[in-house]
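Each chain, letter by letter, is given below.
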Amino acid sequence: MSENRKSPMNRQKRRTGRRHPLATVALLALGLVFTGGAYAAFSTGTAQAESSANSQQTIDEGKKLFQANCATCHGLAAQGTTDGPSLVGVGAAAVDFQVGTGRMPMQMQGPQAQKKPVQFTDEQVKQLAYYVASLGPGPDIPADHLTNGGGDAANGAELFRINCAMCHNVAGAGGALTEGKFAPALTDVTGVHIYEAMVTGPQNMPVFNDMNISPEDKRDIITYLKYVQDNRSPGGFELGSIGPVAEGLFIWIFGLGSLVAITVWITAKSN
Amino acid sequence: MSTATTNAPQKRSFTAAASVYVNERTSVAGFVKELGRKAFPDHWSFLLGEVALFAFVVVLISGTFLTFFFQASMAEVHYNGSYVPLKGVEMSVAMASTLDISFDIRGGLFVRQMHHWAALLFVAAIGLHMLRIFFTGAFRKPRELNWVIGFVLFILAMAEGFTGYSLPDDLLSGNGLAIINGMIKGFPLVGTWMSFLLFGGEFPGTDIVGRLYTLHILLLPALVVAFVALHLVFVVVHKHTQYAGPGKTPGNAVGPPILPVYAAKAGGFFFIVFGVLALIASLFTINPIWNYGPYDPSPVSAGTQPDWYIGFADGALRLIPPGWEFVWLDRTWSFNILVPIIAIGVFIVLALMYPFIEAWVKGDKREHHIADRPRNAPTRTAIGAAGVTFYAGLWAAASSDLLATHFSLTMEGVIHALQAVVILGPFVAYFITKRVCIALQKKDREIVLHGFESGRIVKLPGGEFIEVHEPLDEYERWRLVSFETYEPLMLRPNSRGKITFGQRLRAGMSRWFFEDRIAPVTKGELEAGHGEHH
Amino acid sequence: MAQDDHSGTEIAAADSSHAAPAASPGTALIAPDSFENPGFPPHRPRVTDEDPKREKRAQRTVYTLFYLSILGSVWAIAAYMLFPMESNNVGDVRLNNLFIGLGATLALLGIGFGAVHWAKSLMYDVELVDERHPIGGSPETQAAAVKVFQDADRESGFSRRAVIRNSLIGALLVFPLPAVVLFRGLAPQDQNPIELLSHTMWKKGTRLALDPSGAPIKASDVTMGSAFHVIPEGLQDLEHGKLDEKAKAAVLLMRLDPKDLNELPERKTWSYDGIVAYSKICTHVGCPVALYEQHTHHLLCPCHQSQFDVANHCEVIFGPAKRPLPQLPIAVDDEGYLIAQSDFTEPVGPSFWERH
């Protein structure tokens, strides 16, 4: 949150507009007070404390939700069917990522599950997550200090270039994969979801376990991405951060286009 | 000058004295007399070359500034500038100094961005200018050599662009150089050694940035300046072309004088081009090397593309199907690299030679100073459209991955579709363009013969409604009828009674060019038309 | 160069016939009764020519634009001082760039639009007519030029003294060759490219290490679905040529379900419990192939879209590459770390002539 306040004022407005709805949802669901406009990491520590306080009840609630919404594809006991993989051992992190970003439940079969509006409240997402976590050990939802962007951006940037940029683009603008799949843009993904994606490897993304990229290194990667999100390009509008193709189209359409319009004006007879 | 007239008379005598002083030492009066009141035909499309020229001047000015701060060394340093996400990262001095220009020198980023935007505009304006020349036939005698000079400039501009793109030694341009290295290695016989000579040993080595820098700021600019000068000398010698119009003949050039109107417009336009580039540079990021980071052979970014003017070559590489590489005679033949290079080479040579080919087919030895309307040369226009389609297909292929993500397509589908576009597209474009040109010519004839639709509906005594057609005035009519057609060449034996292969080829091409043609309306036709109509 | 007096007659006299009287029109069709050029249309005055008020206004616009330009220049200089960027803050760089740039834009566009507007609306609206002359010059000029060459030839004996001429041509052809040879120095004298391209830093027992930290990797670290970006241990300690070595030695390490792996018989021992290591350098033109899809087991090159199937010894399934990515044979040492069994058994990276 302090990170956000540091950022230049001209961009504060834009960020606020994008963060706000998520913060509101969190507010309604958990009854926790978040400062408006802040980076909407839900305080995982609190969630865990709360859920462990009445954990059996949480798991039971999660089980009901699961059987109502997920069992068609993943099976009644999450053992998997031909339509969906087994979820035993995927951990709370995988559920929090897949359901918390709206990718699950899937709307239709396609090359990959698409991001869409979240179908459940944050509390329900947690209930589902802890129900699945109770089925077998797996990665847990990361602690707040790993996802709040308080690490070393330079180390994170280097790791990001080596491990992530080939699919997600150096500026996190996303990129194409084979057969219609794609690596999504990371520009408005929360730190928690980025962390969960790294440890669980959703869809075709490889798994980056803690021996490959340590939790501190993951924190640094999130720090770098937050830096890119919070600091807009010093050169002006980024044109989508997709590189020379956008620049080339821009100079042809707007650069040369406006100059051609001016040549017409120059050579037209006055009035 | 205005100050001279409003101020005291002594002031004017100073101007006069200065003019005399300069003239007596330079003989400049002769140039002013000769050039000062030349007529310069006026049309928006005649300013496209100026956009290129002015963009080049901006490139020179901004580039000179950058040389004071850029260091073309690949020695390793730990970055210690202002940009937080790169602090302490190992990189070359070239990369670090480019970051310093961007983050630690006030206004440095502005000049850097203007330099890069101006370079993109330079090549784009050359491209558009060449299209204008091609489609209006302004390459015909006596301007064939100037077409060649312009073409050389286009290639030099691409070389300038590529060498400049590679200088910051960032991840994007480094992977560009990796691709160049791989392409050079694919050449038969000499490839491996060429790569070693270029990079001073193994790729990437520590020499390439310094070498490209010498090319970028010394050799190539000197060549560009020399060819630009030559290009402009020929423009003066030939006088500019003009479009057909009343009073304009092949024997004159009509337009405002160089001094003052043309000079004011062109001078003002230079500042406008400069200003538009300044505006773009202050508002839009280009080549954010701070995102790319320093070159390292292991990472790569999704969407790794060259600047737009190299795109067609990159696209050609992407379109080759799997497996086009063979071992033969114990040597590796990389047709997956050679075929794109050869295809592009043939395309460039054909475009370069086109003026000579067309002149040979027509056998027309006259000078041509009236620019064609594209519709009045249907085959040429159709050939041009085919070439544009071929180039555009290759160019689009260079962004196949972005086309896939942005239009929710599969990458494989995009590649297959563009393979079809590059191979079949030119034929389709040729056919459609030729038909459209001929249809437009027919419409022109119709207008000349029957006038244009006035929009006024009249009821005839018999109850029938007709729309009144207004006849053209003679000036309008002249625009539509003042062009020439050519007839197909008749195949005749030469003096030794033989028909040579060259003759056959020429006759065949002549048939292809001129079999379908629409002749301009003649006086006789117009009179006959009037006769039957009224 | 005659001032345009809008008399069509003068134009008609200077017709195409004069441009090049002898030149052949080739296959051009020249109809006998084609239309004649009607001459210049009547001159159309501009509003600023007729309405003094509009003229005044145009004048005001022009000088206002020039004053605005001065304002822009002053603003750009002020912005240089008012927007410092020595704070390590990207936002400050952005403001500096924006405001210096907008000042310069105003300065330039003010001059540009002012000058063009002046030319368009206030300068006299005259059109001149220049006569064109044949580019080749008059026959007299051509003859004089020919005579100059003939005189020079006679006086120098260039054609007559054929031995001198030919030996000079020979000398001129040969003299640049030493300069070409000197460029051999662009590449080191003591290196054999083929030898260098055929070997990498990997050798028997080299541990696989993480890029960029250089920490060795245990086989147990590589869980199912993982992709590790790998360099040979010791690469980061190299004094020289670190990038040259990395450009050949970069490796991608992946773990698949051994059931999914379709290994070549001679390479059965090259993997370890589903863990495989492949060169990261594309066999097409050498980009890093690093986009790994853990479910399809496809590797994608982001530069030219070549696709390799890791489950099927990295053979090419799409794109312009021909050869599979070279595989690095790996094993596990006593401490459980992954090591290379040997160097790659073939040159990595793009094809080259002598590779076969």
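So, here's what we can say about the structure. (Residues numbered from 1 in each chain as written. Chains lettered and ligands numbered in written order. Predicted model: local features only at pLDDT ≥ 70, side-chain atom pairs only at ≥ 80, totals over all residues. Heavy atoms only, no water.)

## Concerning the overall build of chain A
- Check the secondary structure of chain A and you find 13 helices and two strands.
- When each of the 271 residues of chain A is scored for burial, the buried share is 54%.
- Residue pairs at least 24 apart in sequence account for 62% of intrachain contacts in chain A once pairs closer than 6 positions are excluded. (Helix = DSSP H or I, 4+ residues; strand = E, 2+ residues; numbered from the N terminus. Buried < 20%, exposed > 50% of the residue type's maximum accessible area, 1.4 Å probe, protein only. Contact = heavy atoms within 4.5 Å.)

## Digging into the interface of chain A and chain C
- With 38 residues of chain A at the contact, the number on the chain C side is 40 residues.
- Of the roughly 3,300 Å² buried where chain A meets chain C, counting both sides, 55% is carbon and sulfur surface.
- Taken together, the links from chain A to chain C amount to two salt bridges.
- Between A:Lys269 and C:Asp125 there is a salt bridge; the shortest N-O distance is 2.8 Å.
- Here chain A is connected to chain C by 20 residue pairs in polar contact (both at pLDDT 80 or more).
- Counting only elements with at least two residues in the side of chain A that touches chain C, the list comes to α9 (153-163), α10 (165-168) and α13 (244-267) of chain A.
- Per element, the largest residue contribution to the side of chain A that touches chain C is four residues, and it comes from α9(A). (Buried area = accessible area lost by both parts, 1.4 Å probe. Salt bridge = Lys/Arg side-chain N within 4 Å of Asp/Glu carboxyl O. Polar contact = N/O pair within 3.5 Å; in protein donor to acceptor, adjacent residues only side chain to side chain.)

## A few points about the pairing of strand β4 (residues 252-255) of chain B
- On β4(B), burial covers both faces: B:Asn252 and B:Val254 on one face and B:Ala253 and B:Gly255 on the other are all buried.
- Alignment of β4(B) against strand β3 (residues 128-131) of chain C, held across four bridges, turns out to be antiparallel. Following the sheet pairing, B:Asn252 is matched in β3(C) by C:Glu131. (Pairing = 2+ DSSP bridges.)

## Remarks on a nonpolar patch on the surface
All names here are of chain B.
- Taken together, the side chains of Tyr-21, Val-22, Val-28, Phe-31, Val-32, Leu-35, Val-236 and Leu-259 make up a nonpolar region of the molecular surface, amounting to roughly 700 Å² of accessible area.
- Within the residue set of the nonpolar patch, elements represented by two or more residues are α2 (9-26) and α3 (28-35).
- By residue number, the principal contributor to the nonpolar patch is α3, which donates four residues.
- You can see Leu-259 is positioned in helix α11 (residues 258-283). (Patch = residues over 30% accessible without salt bridge, like charges linked within 9 Å, V, L, I, M, F, W, Y side chains within 5 Å. Areas by Shrake-Rupley, 256 points an atom, 1.4 Å probe, with all protein chains shown as cover.)

## Here we look at the nonpolar core
- Counting residues in each nonpolar core, the largest one holds 184 residues, and the members touching the most others are B:Trp117, B:Phe269, C:Met254 and C:Leu299.
- Here the element with the most residues in this core is helix α6 (residues 108-135) of chain B; it accounts for 18 residues.
- Here C:Met254 is in contact with C:Ser226, C:Ala227, C:Gly274, C:Ile275, C:Val276, C:Tyr278, C:Tyr292, C:Leu299 and C:Val310, once residues within four sequence places are set aside. (Core = buried A, V, L, I, M, F, W, Y, C linked by side-chain atoms within 4.5 Å.)

## Here's the deal with the packing of aromatic side chains
- The tally for this structure, following the rule as stated, stands at 49 aromatic pairs over all chains.
- Their ring planes at 50° and their centres at 5.1 Å tell us that B:Phe347 and B:Phe390 sit as a pair that is tilted. Here B:Phe347 is found in helix α14 (residues 335-362), whereas its partner B:Phe390 is found in helix α15 (residues 378-397), with 43 residues between them in sequence.
- Taking the relative accessible area as the measure of exposure, B:Phe347 reaches 25% and is therefore partly exposed.
- When the centroid spacing of 6.2 Å and the interplanar angle of 75° are considered together, the rings of C:Tyr63 and C:Tyr67 count as edge-to-face. Of this pair, C:Tyr63 and C:Tyr67 both sit in helix α4 (residues 52-82), four residues apart, which is roughly one turn of that helix.
- For C:Tyr67, a relative accessible area of 57% puts it in the exposed group.
- A connected cluster of aromatic rings, assembled from ring pairs, spans B:Phe134, B:Phe135, B:Phe139, B:Trp147, B:Phe151, B:Phe154 and B:Tyr354.
- Between B:Arg25 and the ring centre of B:Tyr21, over which it is positioned, the NZ or CZ distance is 3.6 Å.
- Just above the ring of C:Tyr80 sits the side chain of B:Arg106; from NZ or CZ to the centre is 5.6 Å. (Phe/Tyr/Trp six-rings, centres within 6.5 Å; stacked < 30°, edge-to-face > 60°. Lys NZ or Arg CZ within 6 Å of the ring centre and 35° of its normal.)

## As for the side chain of B:Lys239
- Along the chain, the position of B:Lys239 falls in the loop between α10 (208-238) and β3 (242-243).
- Not counting the four nearest positions on each side in its chain, B:Lys239 is found in contact with B:Lys38, B:Arg143, B:Ala253, C:Asp130, C:Glu131, C:Arg132 and C:His133.

## Some details on α13(A)
- End to end, α13(A) covers 33 Å across 24 residues, agreeing with the expected 34 Å (1.5 Å per residue, within 8%).
- In α13(A), a bend of some 35° at A:Ile251 exceeds every other bend along the element. (Expected span 1.5 Å × (residues − 1). Bend = angle between axes of the 7 residues up to and from the residue.)

## Remarks on the packing of α6(B) against α11(B)
Residue and element names in this part refer to chain B.
- Contact pair α6 / α11: the axes reach a minimum separation of 8 Å and the direction vectors enclose 120°. Between α6 and α11, the interaxial angle falls into the category oblique. As for the relative orientation of α6 and α11, their crossing is right-handed in sense. Seen from α6, the contacting residues are Phe-110, Gln-113, Met-114, Trp-117, Ala-118 and Leu-121; seen from α11, they are Val-273, Phe-274, Leu-277, Ala-278, Ile-280, Ala-281 and Ser-282.
- Residues of the contact of α6 with α11, tallied by class, amount to eleven nonpolar, two polar and no charged. (Axes fitted to C-alpha atoms, helices over the stretch in contact; angles between N-to-C directions. Parallel < 35°, antiparallel > 145°, perpendicular 65-115°, else oblique. Left-handed = near helix turned anticlockwise from the far one by under 90°. Nonpolar A, V, L, I, M, F, W, Y, C, P; charged D, E, K, R; others polar.)

## Brief notes about the environment of A:Val90
Residues and elements named next belong to chain A.
- Tracing the chain through its elements places Val-90 in the loop between α5 (71-74) and α6 (91-100).
- For Val-90, a relative accessible area of 24% corresponds to the partly exposed category.
- The sequence separation of Val-90 and Ala-185 amounts to 95 residues, and the corresponding C-alpha distance is 24 Å.
- For Val-90, the residues in contact, after removing those within four places along its chain, are Val-132, Gly-138, Pro-139 and Thr-200.

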